[in-house]
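Single-letter residue listing:
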Amino acid sequence: LMAMSAQVHVCDIHAPHNQRALALGAVSASTSVASLRDMDGLVVATPATTHRAVIEQIASFGKPVFVEKPLTTTYADALALAGGPVFGWAKPVPV
């Protein structure tokens with residue numbers, strides 16, 4: 001992202017990871033998801049097992065979100081996201 005002149009702001013619950021991000025050129029780093037509320041877009045680059053929880057935390061921000069694959073690691077998590085505030089479908093899409 002930085003190679004494309006994008007400003008990178010990092011949120012990680014592990015403070016040492018934030019310090020590393022700053023050393024590598026991130027504009028800011030925080031342990032609070034709320035610090036991302038004013039960003040133009042968000043990238044979820046966390047362990048796949050955490051994707052659902054992270055997406056649910058940031059869904060209310062109303063921002064474009066890119067999630068590295070896989071979107072979720074379980075069918076139940078995928079269904080929960082499909083019926084929740086992120087996608088807002090009334091019922092799961094048949095697969």
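One can find the structure itself at the top, above this paragraph.
This report concerns the structure included in the present document.

**Digging into the overall build of the protein chain**
No. 1: Scanning the protein chain from N- to C-terminus turns up three helices and four strands.
No. 2: Along the protein chain, helices (α) and strands (β) appear in the sequence β-α-β-β-α-β-α when read from the amino end.
No. 3: Split into buried and exposed, the 95 residues of the protein chain put 20% on the buried side.
No. 4: Expressed as a percentage of contacts within the protein chain between residues at least 6 apart in sequence, the contacts between residues at least 24 apart total 29%.
No. 5: About 6500 Å² of surface is accessible on the protein chain, with carbon and sulfur atoms providing 61% of the total.

**Digging into unusual backbone geometry**
No. 1: In this chain, Lys69 is followed by Pro70 through a cis amide linkage whose omega measures -5°.
No. 2: Among the secondary structure elements, Pro70 is positioned in the loop between β4 (65-67) and α3 (75-82).
No. 3: For Ser5, which is not glycine, the phi torsion reads 65° and is therefore positive.
No. 4: Topologically, Ser5 is positioned in the segment before β1 (9-11).

**Digging into the pattern of salt bridges**
No. 1: Evaluation of the coordinates by the stated rule reveals two salt bridges.
No. 2: Salt-bridge contacts for Glu56 lead to Arg52; the nearest nitrogen and oxygen are separated by 3.0 Å. Placement of the pair is Glu56 and Arg52 together in helix α2 (residues 51-58), with a separation of four residues, close to one helical turn.
No. 3: Taking relative accessible area as the criterion, Glu56 reaches 39% and is therefore assigned partly exposed.
No. 4: Since its relative accessible area comes to 28%, Arg52 is described here as partly exposed.
No. 5: Between Arg52 and Asp77 there is a salt bridge; the shortest N-O distance is 2.9 Å.

**Remarks on the nonpolar core**
No. 1: The biggest cluster of nonpolar side chains holds nine residues, and these are Leu36, Met39, Leu42, Val44, Ile55, Ile58, Phe61, Val67 and Leu81.
No. 2: Of all the secondary-structure elements, those providing two or more residues to this core are β3 (42-44) and α2.

**Some remarks on a nonpolar patch on the surface**
No. 1: A contiguous nonpolar surface patch, about 470 Å² in accessible area, is contributed by Leu1, Met4, Val43 and Phe66.
No. 2: Turning to its location among the elements, Phe66 is positioned in strand β4.
No. 3: Classification of Phe66 as exposed rests on a relative accessible area of 54%.

**Overview of the packing of α2 against α3**
No. 1: Taken N-terminus to C-terminus, the directions of α2 and α3 make an angle of 15°; their axes are 10 Å apart at the nearest point. Judged on the interaxial angle alone, α3 and α2 are roughly parallel. For α2 against α3, the interelement crossing comes out left-handed. Along the contact surface, α2 presents Arg52, Ile55 and Glu56, while α3 presents Ala76, Asp77, Ala80 and Leu81.

About the criteria used
- Residues numbered from 1 in each chain as written.
- Predicted model: local features only at pLDDT ≥ 70, side-chain atom pairs only at ≥ 80, totals over all residues.
- Heavy atoms only, no water.
- Helix = DSSP H or I, 4+ residues; strand = E, 2+ residues; numbered from the N terminus.
- Buried < 20%, exposed > 50% of the residue type's maximum accessible area, 1.4 Å probe, protein only.
- Contact = heavy atoms within 4.5 Å.
- Areas by Shrake-Rupley, 256 points an atom, 1.4 Å probe, with all protein chains shown as cover.
- Salt bridge = Lys/Arg side-chain N within 4 Å of Asp/Glu carboxyl O.
- Core = buried A, V, L, I, M, F, W, Y, C linked by side-chain atoms within 4.5 Å.
- Patch = residues over 30% accessible without salt bridge, like charges linked within 9 Å, V, L, I, M, F, W, Y side chains within 5 Å.
- Axes fitted to C-alpha atoms, helices over the stretch in contact; angles between N-to-C directions.
- Parallel < 35°, antiparallel > 145°, perpendicular 65-115°, else oblique.
- Left-handed = near helix turned anticlockwise from the far one by under 90°.

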